[in-house]
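# What the coordinates show
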Amino acid sequence: WRDWSSDVCSSDLTMPVLEGFTTYLQVFFCLLIASFIAGAPSSIYEAVSGNPLFLELNYGEPLAFSSDSILISSIVLLLVFYLSASIQVGISLFCLDIYNGKGINFSTLFGSFNTLKPLAITILLTLIIGVGFILLIIPGIILGLMYSQAYYILAEEPNIGVLEALKKSEKMSN
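Because the structure is a prediction, the values reported are computed rather than measured. (Residues numbered from 1 in each chain as written. Predicted model: local features only at pLDDT ≥ 70, side-chain atom pairs only at ≥ 80, totals over all residues. Heavy atoms only, no water.)

## Considering the overall build of the protein chain
Helix and strand counts for the protein chain stand at seven helices and two strands. Written out in order from the N terminus, the α and β elements of the protein chain read α-α-β-β-α-α-α-α-α. With 174 residues in all, the protein chain has 30% of them scored as buried. For the protein chain, the share of sequence-separated contacts (at least 6 apart) that also reach a separation of at least 24 residues comes to 55%. Carbon together with sulfur atoms contributes 68% to the accessible area of the protein chain, which is approximately 11,500 Å² in total. (Helix = DSSP H or I, 4+ residues; strand = E, 2+ residues; numbered from the N terminus. Buried < 20%, exposed > 50% of the residue type's maximum accessible area, 1.4 Å probe, protein only. Contact = heavy atoms within 4.5 Å. Areas by Shrake-Rupley, 256 points an atom, 1.4 Å probe, with all protein chains shown as cover.)

## Looking at a nonpolar patch on the surface
Together, Leu25, Phe28, Phe29, Leu32, Ile33, Phe36, Ile37 and Phe106 make up an exposed nonpolar region whose accessible area comes to about 710 Å². Overall, isoleucine 33 belongs to the partly exposed group, its relative accessible area being 39%. (Patch = residues over 30% accessible without salt bridge, like charges linked within 9 Å, V, L, I, M, F, W, Y side chains within 5 Å. Salt bridge = Lys/Arg side-chain N within 4 Å of Asp/Glu carboxyl O.)

## Brief notes about the side chain of serine 92
Residue placement: serine 92 occurs in helix 3 (residues 70-99). Once residues within four sequence positions are removed from consideration, serine 92 is found in contact with Tyr151, Tyr152 and Ala155.

## Some thoughts on the nonpolar core
In this structure, Ile121 and Leu125 are the most contacted members of the largest nonpolar core, which totals 16 residues. At the level of elements, helix 3, helix 4 (117-135), helix 6 (150-156) and helix 7 (162-173) are the ones that each hand at least two residues to this core. If one sorts the elements of this core by residue count, helix 6 sits on top with five residues. Not counting residues within four places of it along the chain, the set of residues in contact with isoleucine 121 comprises Ala150, Tyr151, Leu154, Val162 and Ala165. (Core = buried A, V, L, I, M, F, W, Y, C linked by side-chain atoms within 4.5 Å.)

## Some thoughts on the pattern of salt bridges
Across all of its chains, the model carries one salt bridge by this definition. Across the pair lysine 168 and glutamate 157 runs a salt bridge whose closest N-O atoms are separated by 2.3 Å. One end of the pair, lysine 168, is in helix 7; the other, glutamate 157, is in the loop between helix 6 and helix 7, and eleven residues separate them in sequence. Judged by relative accessible area, glutamate 157 falls into the partly exposed class, the value being 30%.

## So, the packing of helix 4 against helix 5 (residues 137-146)
Look at helix 4 against helix 5: their axes get within 5 Å of each other, and the N-to-C directions meet at 155°. The angle between the axes of helix 4 and helix 5 places the two elements in the roughly antiparallel class. Residues Ile128, Ile129, Gly132 and Phe133 of helix 4 touch helix 5, and the partners they reach there are Ile137, Pro139, Gly140, Ile141, Leu143 and Gly144. Residues that form the contact of helix 4 with helix 5 fall into these classes: seven nonpolar, three polar and no charged. (Axes fitted to C-alpha atoms, helices over the stretch in contact; angles between N-to-C directions. Parallel < 35°, antiparallel > 145°, perpendicular 65-115°, else oblique. Nonpolar A, V, L, I, M, F, W, Y, C, P; charged D, E, K, R; others polar.)

## Digging into the confidence of the model for the protein chain
Residues of the protein chain with pLDDT of at least 70 account for 72%, and the chain-wide mean is 75. Per-element averaging of pLDDT across the protein chain places helix 1 (residues 4-8) at the bottom with 46 and helix 7 at the top with 90. When the criterion is pLDDT under 50, residues 1-11 qualifies, and its contacts beyond four places in sequence or with other chains add up to three contacts. (pLDDT = per-residue confidence, 0-100.)

This is the structure we're talking about:
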């Protein structure tokens, strides 16, 4: 059992991680750009084709799959998942670097594109949390919180396996 009160009261945690307003603006804009890049493929696809990725919503009519190109929509959706998952690991590493005093490096946000592990974690988390929400909303929230550290674990330990990262995140939340 660990006494967290001594950690919270330590003077290291009360010191600002970054100095100056412009530094905070740099961090904000780096994260904002990363968010736009993660969602860009779906927006570009919808703008070019005129079709939504999967579901077409017409008021008064039931939901229907959009047009003929389910294959293209699936590929674009996987690309969006890959980009957003890799950028999420990059954001985690970016935040960890700032916290550890290594400074701000924009390229850190895009340093996780050399592996498919972030995509595998995102797909597994989507399925696990989705099932939790189907069972009742509370299990989905609990599962989401339980596995919320998986991206940070993958950022700190790039050689760890996907299931190991999920198990470690689960163990950290207990």
